[in-house]
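Residue strings, one per chain:
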Amino acid sequence: MIALPLLPLLVPIGVRCAARVDRPRRRLLTGLVVLGLLVAVPLAHTVATHPVDATAYAHTLAYSLGAPYPALLLAGYLLATVGSLLLSGDRRLRRLGLLTGIGALVCALLWQLAFVSTWCALAALASVLLLRWTASPPPAPRPRNS
């Protein structure tokens, strides 16, 4: 109910609001917000109007939503969420984007039928990492060599 329809929109919005980036990168982030909206609308409609089936599969859950064009929606979802993190002006958010991108690839390769379930587990671990980062002061900027 939250991860599918909201994250592809909220992550790029959050990164765009927090990012200190140049104008071209800001435009790309705006494009990812639009992409997130284009992904969020059909996912929200599907979750609201179709039954969601979950089947136990190799110690994970395989979800079936009945969403139209699932591969295209998944690609848009990952591009909006992971892509916006990778475009961030914040080094820690870029690192998080790299971590989640690699994690998505691992989840897709190892647990293709249970991708959503394993992706959610990865997102929970990433949330702990975010909590740790936000609880500690940001690193001091390195002095520039003259």
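In this report, the structure presented in the accompanying data block is examined.

Calculation criteria
- Residues numbered from 1 in each chain as written.
- Predicted model: local features only at pLDDT ≥ 70, side-chain atom pairs only at ≥ 80, totals over all residues.
- Heavy atoms only, no water.
- Patch = residues over 30% accessible without salt bridge, like charges linked within 9 Å, V, L, I, M, F, W, Y side chains within 5 Å.
- Areas by Shrake-Rupley, 256 points an atom, 1.4 Å probe, with all protein chains shown as cover.
- Salt bridge = Lys/Arg side-chain N within 4 Å of Asp/Glu carboxyl O.
- Helix = DSSP H or I, 4+ residues; strand = E, 2+ residues; numbered from the N terminus.
- Buried < 20%, exposed > 50% of the residue type's maximum accessible area, 1.4 Å probe, protein only.
- Axes fitted to C-alpha atoms, helices over the stretch in contact; angles between N-to-C directions.
- Contact = heavy atoms within 4.5 Å.
- Nonpolar A, V, L, I, M, F, W, Y, C, P; charged D, E, K, R; others polar.
- Expected span 1.5 Å × (residues − 1).
- Arc of directions from axis to C-beta.
- Polar contact = N/O pair within 3.5 Å; in protein donor to acceptor, adjacent residues only side chain to side chain.

**Topic: a nonpolar patch on the surface**
On the surface, Leu86, Leu98, Ile102, Leu105, Val106, Leu109 and Leu110 cluster together into a nonpolar patch covering about 690 Å² of accessible area. On the secondary structure map, Leu98 appears in helix H4 (residues 91-110).

**Let's talk about the environment of Pro42**
Turning to its location among the elements, Pro42 is positioned in helix H2 (residues 23-49). By relative accessible area, Pro42 is classed as partly exposed at 22%. With 26 residues separating them along the chain, Pro42 and Pro68 place their C-alpha atoms 7.8 Å apart.

**Quick word on unusual backbone geometry**
One non-glycine residue, Tyr69, lies in positive phi territory at about 50°. Positionally, Tyr69 belongs in the loop between strand E2 (60-64) and helix H3 (70-86). On the basis of relative accessible area, Tyr69 is assigned to the exposed category, the value being 64%.

**What about the packing of H3 against H4?**
Running from N to C, H3 and H4 point in directions that differ by 145°, and their axes come no closer than 6 Å. Contacts between H3 and H4 involve Leu78, Val82, Leu85 and Leu86 on the former and, on the latter, Leu93, Arg94, Leu96, Gly97, Leu98, Thr100, Gly101 and Ala104. Of the residues in the contact of H3 with H4, the class split is 8 nonpolar, 3 polar and 1 charged.

**Quick look at the environment of Val15**
Position of Val15 relative to the elements: it lies in helix H1 (residues 3-18). The buried category is assigned to Val15, whose relative accessible area is 4%. C-alpha separation for the pair Val15 and Ser84, spaced 69 residues apart in sequence, amounts to 6.4 Å.

**Details of the environment of Ala62**
Following the sequence through the fold, Ala62 ends up in strand E2. Given a relative accessible area of 15%, Ala62 falls into the buried group.

**Examining H4**
Because each turn of an α-helix spans 3.6 residues, side chains separated by three or four positions end up pointing in the same direction. With 20 residues, H4 should reach 28 Å at 1.5 Å per residue; the first-to-last C-alpha distance of 28 Å fits that figure. Along H4, the positions that sit buried rather than exposed are Arg92, Leu93, Leu96, Gly97, Thr100, Gly103, Ala104 and Cys107. With its buried residues spanning 140° around the axis, H4 presents them on a single face. Across from the buried face of H4, at angles greater than 90 degrees, the exposed residues are Leu105, Leu109 and Leu110. Here H4 starts with a cap whose side-chain oxygen sits 2.7 Å from the backbone nitrogen of Arg92, and that cap is Asp90.

**Considerations on the side chain of Thr81**
Looking at where Thr81 falls in the secondary structure, it is placed in helix H3. Judged by its relative accessible area of 7%, Thr81 falls in the buried class.

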